[in-house]
Amino acid sequence: MKIAVVGLGAVGGLIAARLANTGCAVSALARGATLDAVRERGLRVTMDGNERVAQVRASDDATALGPQDLVVIALKGPALVDAARGLAPLLHPATIVLPAMNGVPWWFLQTGRVGDVTPPSAMTAPLESVDPGGGIGAALPLARILGCVVHLTCSSPAPGVIQHGFGNRLIVGEPSGGASERTREVCAVLAEAGFSAEPSADIRADIWYKLWGNLTTNPISALTGATTDRILDDHLVCAFMLRAMAEAAQIGARIGCPIAQTGEDRIVVTRQLGAFRTSMLQDAQAGRALEIDAIVTAVHEIGGRLGIDTPNIGALLGLTRLMARQRGLYPA
């Protein structure tokens, strides 16, 4: 299987390196200092205190890499709007596209699985918050997509350098649900690379469940600079989180992604992970653009389409967006 990874940040770098070390034909689309570092020194990945170097064929030109069997997209949400148009040279008629990204993906409402109450025409249009004008969906149509949920932490302290934190789980599934041969094939390749790769019968529900936790901790960490343990230790902040999570759970129930847990139960799970910096906090501290839209704005937009009042999510969105704009981390 020929595999290209688009974006060699923390998650993309980890996936590319581990695939390359199994002997897969791995190439990567990267740019700037990351591209230079990978070409000169390879991808340096530290796991469990041990560093290993992987060699991948890297380029900033998709045409130079050519058609692939699997394209893993590991970009931050804000970067994909522009990048999607340039990925056509990586695709042949049967290419699978696996977005390993945070938050609500561009294809999330295109499956039509949005419940029976809201007319489909109101709910299946592109989400302006993550796919303005529908350009991503046009470049990467639903038929190519396998959904993916990333349950691991890692960071990239320098270009081409990846440090794994904890977790090893990748969940993969068809956007419309159910089992498929291509899901099994991709999971097998990822498992060979050492990931705990699980096929999902309902990847939309898995995406929404992860988002339900990240919706609050990510932006609050970026706003405050606090690690998750300190966020959860503040009873006023925790109460605000629970109200926002209740609004997101109400939305999920309407779009076929019900949440079985209570917010309190989910917070117990987060506490067990200890003190860690969320991906949005890492981006804020590094001066990188924040993934506000896929994690918060999209939830607010879907709630608005459904006519569900989301004052707590709205407050969180407004505050985080204002902070990010003031620091040049979100467009005006």
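Attention in this report is confined to the structure presented alongside it. Since the structure is predicted, the reported quantities are computational estimates derived from the model, not experimental observations.

Cut-offs used in this document
- Along each chain, numbering runs from 1 in the same order as the chain's sequence is written.
- Where local features are concerned, this predicted model is filtered to residues with pLDDT of at least 70; where side-chain atom pairs are given and counted, the filter is 80 or more; whole-chain, interface and lining totals use all residues.
- Where side-chain values are given, they derive from all heavy atoms of the structure, hydrogens and water being excluded.
- Secondary structure elements follow DSSP: runs of H or I no shorter than four residues count as helices, runs of E no shorter than two count as strands, and numbering proceeds from the N terminus.
- All radius of gyration figures rest on C-alpha atoms, and the globule criterion is 2.2 Å times the number of residues raised to 0.38.
- Only protein chains enter the calculation, and the probe is 1.4 Å; a residue is then buried if its accessible area is under 20% of its type maximum, exposed if over 50%, and partly exposed in between.
- Only buried Ala, Val, Leu, Ile, Met, Phe, Trp, Tyr and Cys residues count toward a nonpolar core, and they belong to the same one when joined by side-chain atoms within 4.5 Å.
- In this analysis, two residues are considered to be in contact whenever any of their non-hydrogen atoms come within 4.5 Å of each other.
- Ring pairs are drawn from Phe, Tyr and Trp, using the six-membered ring of Trp, whenever the two centres fall within 6.5 Å, and their geometry is named by plane angle: stacked under 30 degrees, edge-to-face over 60, tilted for the rest.
- Whether two strands pair comes down to DSSP finding at least two bridges between them.
- Looking down the strands as they point away from you, a crossover is right-handed if its path from the first strand over the helix to the second goes clockwise.
- One fewer than the residue count of a helix, multiplied by 1.5 Å, yields its expected span.
- Throughout this description, a polar contact denotes any pair of N or O atoms lying within 3.5 Å of each other; where both atoms belong to protein, one of them has to be capable of donating a hydrogen while the other can accept it, and for residues adjacent in sequence the pair is counted only when both atoms sit in side chains.
- The axes are straight lines fitted to the C-alpha atoms, using for helices just the contacting stretch, and the angles between their N-to-C directions are given from 0 to 180°.
- Put simply, angles under 35 degrees are roughly parallel, angles over 145 are roughly antiparallel, angles from 65 to 115 are roughly perpendicular, and the rest are oblique.
- Two helices crossing with the near one rotated counterclockwise from the far one by less than a right angle form a left-handed crossing, whereas a clockwise rotation gives a right-handed crossing.
- Under the scheme applied, nonpolar residues are Ala, Val, Leu, Ile, Met, Phe, Trp, Tyr, Cys and Pro; charged residues are Asp, Glu, Lys and Arg; polar residues are all the others, including Gly.

**Concerning the overall build of the protein**
Alright, step 1. On a plain count of helices and strands, the protein comes out with 14 helices and 12 strands.
Alright, step 2. A compact globule built from 332 residues should have a C-alpha radius of gyration of about 20 Å, and the protein, at 19 Å, falls within 12% of that.
Alright, step 3. Expressed as lengths along the three principal axes of its C-alpha atoms, the size of the protein is roughly 50 × 40 × 35 Å.
Alright, step 4. Scored against the burial criterion, the 332 residues of the protein give a buried share of 52%.

**Regarding unusual backbone geometry**
Excluding glycine, residues mostly carry a negative phi; peptide bonds, for their part, are mostly trans.
Alright, step 1. Despite not being glycine, D48 has its phi angle at roughly 55°, a positive value.
Alright, step 2. You can see D48 is positioned in the loop between β3 (43-47) and β4 (50-54).
Alright, step 3. In this structure D48 comes out as exposed when scored by relative accessible area, which is 73%.

**Some remarks on the nonpolar core**
Alright, step 1. Core analysis: the biggest nonpolar cluster contains 60 residues, and L140 and W208 have the highest contact counts within it.
Alright, step 2. Once residues lying within four places of it in the same chain are set aside, the contact partners of W208 are V104, F108, A248, I251, G252, I255, C257, I259, V299 and I302.
Alright, step 3. Of all hydrophobic cores here, the second largest spans 40 residues; its members include A16, A17, A58 and L170.

**What to know about the packing of aromatic side chains**
Alright, step 1. Evaluation of the coordinates by the stated rule reveals 4 aromatic pairs.
Alright, step 2. Between F108 and W208 the ring centres are 5.9 Å apart and the planes differ by 20°, which places this aromatic pair in the stacked class. Highlighted residues: F108 in the loop between β7 (91-99) and α5 (120-123) and W208 in helix α8 (residues 203-224), separated in sequence by 100 residues.
Alright, step 3. Accessibility expressed as a relative area gives 0% for F108, which makes it buried.

**Notes on the pairing of strand β8 (residues 147-151)**
Alright, step 1. With 4 of its 5 residues buried, β8 lies for the most part within the structure.
Alright, step 2. For β8 and strand β11 (residues 169-173), the ladder comprises 5 bridges, and the chain directions are antiparallel. Looking at the pairing, C148 lines up with V172 of β11.

**Let's talk about the pairing of β7**
Alright, step 1. As paired strands, strand β6 (residues 68-73) and β7 are joined by 5 bridges and run parallel to one another. Each bridged residue has a counterpart across the sheet, and for V72 the counterpart in β7 is L98.
Alright, step 2. The β-α-β motif built from β6, the intervening helix α4 (residues 77-83) and the parallel element β7 has right-handed crossover chirality.

**Digging into helix α10 (residues 235-254)**
Alright, step 1. With 20 residues, α10 ought to run about 28 Å at 1.5 Å a step, and its terminal C-alpha atoms sit 29 Å apart, in line with that.
Alright, step 2. Among the residues making up α10, those that are buried are C238, F240, M241, A244, M245, E247, A248, I251 and G252.
Alright, step 3. Turning to α10, the residues buried within the fold contact α8, α9 (228-233), α11 (263-272), α13 (292-306) and α14 (311-326).
Alright, step 4. Between the side-chain oxygen of the N-cap and the backbone nitrogen of L236 there are 3.0 Å, and the N-cap of α10 in question is D234.
Alright, step 5. G256 occupies a position one or two residues after α10 and carries a positive phi of about 80°.

**Comments concerning the environment of D283**
Alright, step 1. Within the secondary structure, D283 is located in helix α12 (residues 279-286).
Alright, step 2. Considered as a pair, D283 and K76 are 207 residues apart in the sequence and their alpha carbons are 10.0 Å apart.
Alright, step 3. In this structure, D283 is in contact with K76, R288, A289 and L290, ignoring residues within four places of it in sequence.

**Observations concerning the packing of α8 against α12**
Alright, step 1. In contact at an axis separation of 7 Å, α8 and α12 are set at 25° when each is read in the N-to-C sense. One finds that α8 runs roughly parallel with respect to α12. Taken as a pair, α8 and α12 cross one another with a handedness that is right-handed. Each of N218, P219, S221 and A222 in α8 lies in contact with α12, whose residues at this interface are S279, M280, L281 and A284.
Alright, step 2. Residues that form the contact of α8 with α12 fall into these classes: 5 nonpolar, 3 polar and no charged.

**Thoughts on the sheet that holds β11**
Alright, step 1. Here 3 strands make up an open sheet; going across it, the order is β8-β11-β12 and the pairing mixed. Only two strands of the sheet have a single neighbouring strand rather than two, namely β8 and β12 (196-200). Neighbour-to-neighbour, the strand axes of this sheet turn through a mean angle of 20°, independent of strand direction.
Alright, step 2. Against the sheet, α8 contacts β8, β11 and β12, and its axis sits at roughly 35° relative to β8.

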